[in-house]
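# Descriptive analysis of the structure
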Amino acid sequence: VPYEPEAVVVREIFESVAAGKLLGHIARSLTERGITARSGKPFHWEVLYKILTNIVYKGERLYKMKNGDDAYCQNYCLPIVSKELFANANKTHEENKKKPQGKHRKNLYPLTGKLTCPSCGKAMTGSCSNKNLYYKCSRRYKNTPCTTKAIRKEQLDEMTFDAVRDNILSDKAIAEIT
């Protein structure tokens, strides 16, 4: 297993995140190259997240005290990454977290959080199969599964558009608005 000094790997992680790469992709890339975490195990996105949010890498330290008087040391050690790179990588990561991920990342589920299951009343969330997009009850795979079948996204979008057109864009509603 080729060994790379920790500072080089940490700097590479921050630069990759700042360039827009996802933590999972970076972890796979490091694992494929045979680079492991300190524990000797392959990198995982959660380990990379801890690295990304650790202020020691920018040369700072926060001492947590039991009495609540925390002490902050700005020049704790030599930084491995600059403060600008640290901030840029964390900002890019936060922006990437908000984007939809996965195979159908371009397909948004705008009704997630607005639909409730007709059987159990729990939220319905977006899901995808090999070819189709669906809304499913969030209890569908729990210990007490719901019996409501998945609803195709296209069908639900069409029904939503019809309801909006009939209720909001009706002649009566437009007359009330004007």
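So, a few notes on the structure that sits alongside this text.

Conventions we followed
Throughout this document, residue positions are counted from 1 along each chain, in the order its sequence is written. Per-residue local features of the predicted model are confined to residues with pLDDT of at least 70, and side-chain atom pairs are confined, for both listing and counting, to 80 or more; whole-chain, interface and lining totals are unaffected and use all residues. Side-chain descriptors were evaluated using all non-hydrogen atoms of the structure, hydrogens and water having been removed beforehand. The buried label applies to any residue whose accessible area, calculated with a 1.4 Å probe on protein chains only, is under 20% of its type's maximum; exposed applies above 50%, and partly exposed to all values in between. Labels follow the DSSP assignment, with helices taken as runs of H or I lasting at least four residues and strands as runs of E lasting at least two, numbered in each case from the N terminus. Think of it as the arc spanned by the lines of direction from the helix axis to the C-beta atoms. Working definition of a nonpolar core: buried Ala, Val, Leu, Ile, Met, Phe, Trp, Tyr and Cys residues. They are joined through side-chain atoms within 4.5 Å. Contacts are residue-level and defined by heavy atoms, with any inter-residue pair within 4.5 Å sufficient.

### Digging into helix α2 (residues 23–32)
- Among the residues of α2, L23, I26, A27 and L30 are the ones counted as buried. In an axial view of α2, the angular spread of the buried residues amounts to 100°, which keeps them on one side of the axis.
- Taken from the residues just after α2, G34 is the one with a positive phi, measuring 85°.

### Concerning the nonpolar core
- Residues I13, F14, L30, F43, L48 and I51 are the most contacted members of the largest nonpolar core, which totals 20 residues.
- Elements that contribute at least two residues to this core include exactly α1 (6–18), α2, α3 (45–53) and α4 (83–98).
- The biggest single contributor to this core is α1, with five residues.
- With near-sequence residues (within four places) excluded, I13 lies in contact with I26, L30, L48 and I51.
- Within the second largest apolar cluster, seven residues are counted, among which are C117, M124, C137 and L156.

### What to know about the environment of D157
- In this structure, D157 sits in helix α5 (residues 153–167).
- Assessed through its relative accessible area of 28%, D157 is described here as partly exposed.
- It is 9.2 Å that separates the C-alpha atoms of D157 and P110, two residues lying 47 residues apart in sequence.

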